[in-house]
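# Examining the three-dimensional arrangement
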Amino acid sequence: MNDTIVPSSTVAILGRGVCIPDEEVAAELGLADTGLDASLLPPMVRRRTSLATRVAITAAERACAAAEISRKLPAIFVSSAGESQVTDSLCRSIARHEFPLSPTLFHNSVHNTAAGYWSMATDSMASMQAMAALEDGFALGLLEAWCQLKTIVDRVLLVVFDEAMPAQLLPDNSWTTCAFALALNRNERNRPLMGRPYRQSAPAAVPSVEDFRTRNPAMLALPLFRALRKSDAGHWRITLSSGTRPWVVDLELP
Amino acid sequence: MNGNPTNSEFVGSTVPPLPITACSTYCACGLGTKRLYESLLSGKHCLHSPRLFKTDFSAWCGEIVDDLLPEVNPSLQAYSTRNARIALATINHPADGLRNAVDRAIDRYGADRVGITLGTSTSGIYETENFYKYLEEHGRAPISFDLVSQHLWVATARFLKFELGLEGPCYAISTACSSSSKALASAKRLITAGVCDAVLTGGIDSLCRMTMYGFKSLDIMSEQPCKPLDRTRNGISLGEGAGLLLVEKPDEAFSDCVHLLGCGESSDAHHMTAPHPEGKGAAIAMRAALAQAGIAERDIDYVNLHATGTVLNDSSEMRAMEQVFGTDTYCGGTKGLTGHTLGAAGGIETIVTWLAIKYRFRPGTCNLEQVDPSFRCAVVRDSKTDIPVTYTMNNNFGFGGNNTAVVLGWQHE
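Residues numbered from 1 in each chain as written. Chains lettered and ligands numbered in written order. Predicted model: local features only at pLDDT ≥ 70, side-chain atom pairs only at ≥ 80, totals over all residues.

### Things to note about the confidence of the model for chain B
Residues and elements named next belong to chain B.
- Taken residue by residue, chain B gives an average pLDDT of 94. The fraction at 70 or more is 96%.
- Every residue in residues 1-13 scores below 50 in pLDDT, and together they form 36 contacts with partners more than four places removed in sequence or on other chains.
- ipTM for the predicted complex: 0.96, alongside a pTM of 0.96. (pLDDT = per-residue confidence, 0-100. Contact = placed C-beta atoms within 7 Å.)

### A few points about the interface of chain A and chain B
- Between chain A and chain B, the contact holds 55 residues from the first and 58 residues from the second.
- Those elements that provide at least two residues to the side of chain A that touches chain B are helix 4 (84-95), helix 5 (103-107), helix 6 (113-122), strand 3 (128-132) and helix 7 (137-151) of chain A.
- Counting residues per element, the side of chain A that touches chain B draws most heavily on helix 7 of chain A, which supplies seven residues.
- Of the pairings in the sheet, the one linking strand 3 of chain A to strand 5 (residues 170-173) of chain B comprises two bridges and is antiparallel in character. (Helix = DSSP H or I, 4+ residues; strand = E, 2+ residues; numbered from the N terminus. Pairing = 2+ DSSP bridges.)

### Here we look at helix 6 of chain A
Residues and elements named next belong to chain A.
- When you tally the buried positions in helix 6, you get 10 out of 10 residues, the bulk of the element.
- Listed in full, the buried residues belonging to helix 6 are Thr113, Ala114, Ala115, Gly116, Tyr117, Trp118, Ser119, Met120, Ala121 and Thr122.
- The first or second residue beyond helix 6 is Asp123, which carries a positive phi of 55°. (Buried ≥ 20, exposed ≤ 12 C-beta atoms within 10 Å, placed from the backbone.)

### Section: helix 7 (residues 179-192) of chain B
Residues and elements named next belong to chain B.
- When the terminal C-alpha atoms of helix 7 are compared, their 20 Å separation across 14 residues agrees well with the 20 Å that a helix rising 1.5 Å per residue should span.
- For helix 7, a buried count of 14 out of 14 residues is recorded, marking the element as mostly surrounded by other parts of the structure.
- A positive backbone phi angle near 85° is found at Gly194, which sits one or two residues after helix 7. (Expected span 1.5 Å × (residues − 1).)

### Digging into the environment of Pro21(A)
Residue and element names in this part refer to chain A.
- Residue placement: Pro21 occurs in the loop between strand 1 (11-19) and helix 1 (23-28).
- For the pair Pro21 and Gly82, spaced 61 residues apart in the sequence, the C-alpha separation amounts to 17 Å.
- Beyond its immediate stretch of four places on either side in the chain, Pro21 contacts Gly35, Leu36, Val55 and Thr177.

### Some thoughts on unusual backbone geometry
- Going from Phe99(A) to Pro100(A), the amide bond is cis rather than trans, its omega being 0°.
- Residue position: Pro100(A) is located in the loop between helix 4 and helix 5.
- With phi around 65°, Asp219(B) is a residue other than glycine that occupies positive phi space.
- Given 10 C-beta atoms within 10 Å, Asp219(B) falls into the exposed group.
- Positive phi outside glycine occurs at Asp386(B), with the angle close to 55°.
- Looking at the element boundaries, Asp386(B) is found in the loop between strand 14 (384-385) and strand 15 (391-398).

### Structural notes on the pairing of strand 4 (residues 114-119) of chain B
Residues and elements named next belong to chain B.
- Taking burial as the measure, the six residues of strand 4 include six buried ones, the bulk of the element.
- Burial along strand 4 is two-sided: Val114, Ile116 and Leu118 and Gly115, Thr117 and Gly119, pointing in opposite directions, are all buried.
- Taken together, the six bridges between strand 4 and strand 6 (residues 198-205) define a ladder with parallel strand orientation. Residue pairing in the sheet places Gly119 in a bridge with Gly203 of strand 6.
- As defined by bridge partners, strand 4 adjoins strand 5 across four bridges and the pair is classed as parallel. Note on strand 5: the bridge partner recorded for Gly119 is Ile173.

### Notes on the packing of helix 3 (residues 51-67) of chain A against helix 6 of chain A
Residues and elements named next belong to chain A.
- Two elements in contact, helix 3 and helix 6, have axes separated by 9 Å at closest approach and are oriented at 50°. Put simply, helix 3 runs oblique to helix 6. Seen along the crossing, helix 3 lies across helix 6 with a hand that is right-handed. Residues Ala52, Thr53, Ala56, Ile57 and Ala60 of helix 3 touch helix 6, and the partners they reach there are Thr113, Ala114, Tyr117, Trp118 and Ala121.
- In terms of residue class, the contact of helix 3 with helix 6 is made up of eight nonpolar, two polar and no charged. (Axes fitted to C-alpha atoms, helices over the stretch in contact; angles between N-to-C directions. Parallel < 35°, antiparallel > 145°, perpendicular 65-115°, else oblique. Left-handed = near helix turned anticlockwise from the far one by under 90°. Nonpolar A, V, L, I, M, F, W, Y, C, P; charged D, E, K, R; others polar.)

Shown next as structure tokens:
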């Protein structure tokens, strides 16, 4: 705790959700109840969508449930590679001249696949964002959420996710399929408050993700999620990315 | 209370207009806004059969001639993709002065205050396809492929960040065919919320086999040059290119610039590829853009429609237009000219509306012979010059039912 850190121009964190289907990994990270549960999706869609989409939807649903709010809210989905397994299948087909391509795989290859199925499953006509920023993804997703709350919406859902990378694209990688979601609003009493994410001039103390093989970018959500789970009242500065000028955010926990 | 973007949920009417201080574009019409303007006036399409790679079906596309693309700086060689080379040509086009404007913004505000939000739906997938082809043929990876700087969604945005020395937030937005309009909306928020003083935005997409064969698999590729809004329209023609804009915080010095007034975003919550038949989501996005711009439907002088040329897309959009505007508002589509540039469409077509305001004309609808008789809006067939254009709207809709509308105009008091 550091009382010199007082977040300004805050937004409130209403609820959070995590999905890490690999139980061993979840246990190593000290997280429980992170299993896959995409029952929100119709069975046909569940069968045809990637694990990336299903973990994102699982975490999104959990965050809304924890926040006790309607799922019909603007949402921001962040992922480095998005539907990389679908892309891998399509690229193999193209390389082998196996045409026609699968129309389902094609439309499920877009980066906003999870966002699209989420809006359909929740019957939400709100804005759905899909963005990417590699190791800055979680930080810039939080910044996009903060900007939306400061300008055009009063509630927003942020989901950051990555899928295990196909070996062709990233040999010997050990990416873990995971999704982290936060439901946020402009202001709420007795909830964690978060200031605007910003860049710090001192290098980050968190492990670097420059070695993409061992750690996927969505895992950079962990420090913030750990701080929220501990729920130690006071002010905290959380590192959101790696490098010499990492993104950080200040929290005020009730 | 639900979260749908009805006007009551927005506090958007207070969002100030932002000046577009420079923009440039590259597409099948050629490099620079002047070439796009001349093509819009001539109404002659720039489509031909694919040259970059062969297809086993007949198709037309709006392709940039490969030989004309510049090589990237050797220090950024890892980023060299078709996307990045199109980006480089676009920012360096002297007549549009986009690079100079970015440099001036860095001098004026500091590199930390200049961000980039870039729309793309392909990123460097053409190079990824070549990589898989090489693997298939040789059983080993070529050394030229780089996942992070070529394939990943943020690759081209990062390339521009390094090429231009920007230090502000840098991210890619990829919501299929609405990507670069969403990027404009994010840029507007970054400035309005005080995070940035200037943002380079818009989008870039390049031709690839995945989109060419993908749209073919959905059976919506036309075998002729596409004919958006026409009675006989039968599908899309793909295109490629860039539409990049520099948006800055309000300043009296920029009062002569066309301004970004409003961005509306919504979802259909209907189907992954088919639009809502009544255009319900599209209408929400259009109304949200008008509300944020603080103007009425009747103020809009021209709407650049998404108008892809498929039977369903154009019908759905026209239903939405009728709901929002009635039947008197002038509208048209320009994908018959450029092809559908997917993730770049929002950038290029927003520049079409920028040109309409700046050069006082209503762009026509290329390849249109006879308007679908069920469309009741005032579809513009031939470009009309020497008319005042104060406010415009540009629509883009993507897979996942992802809808956007962008309103530009002269700054209002």
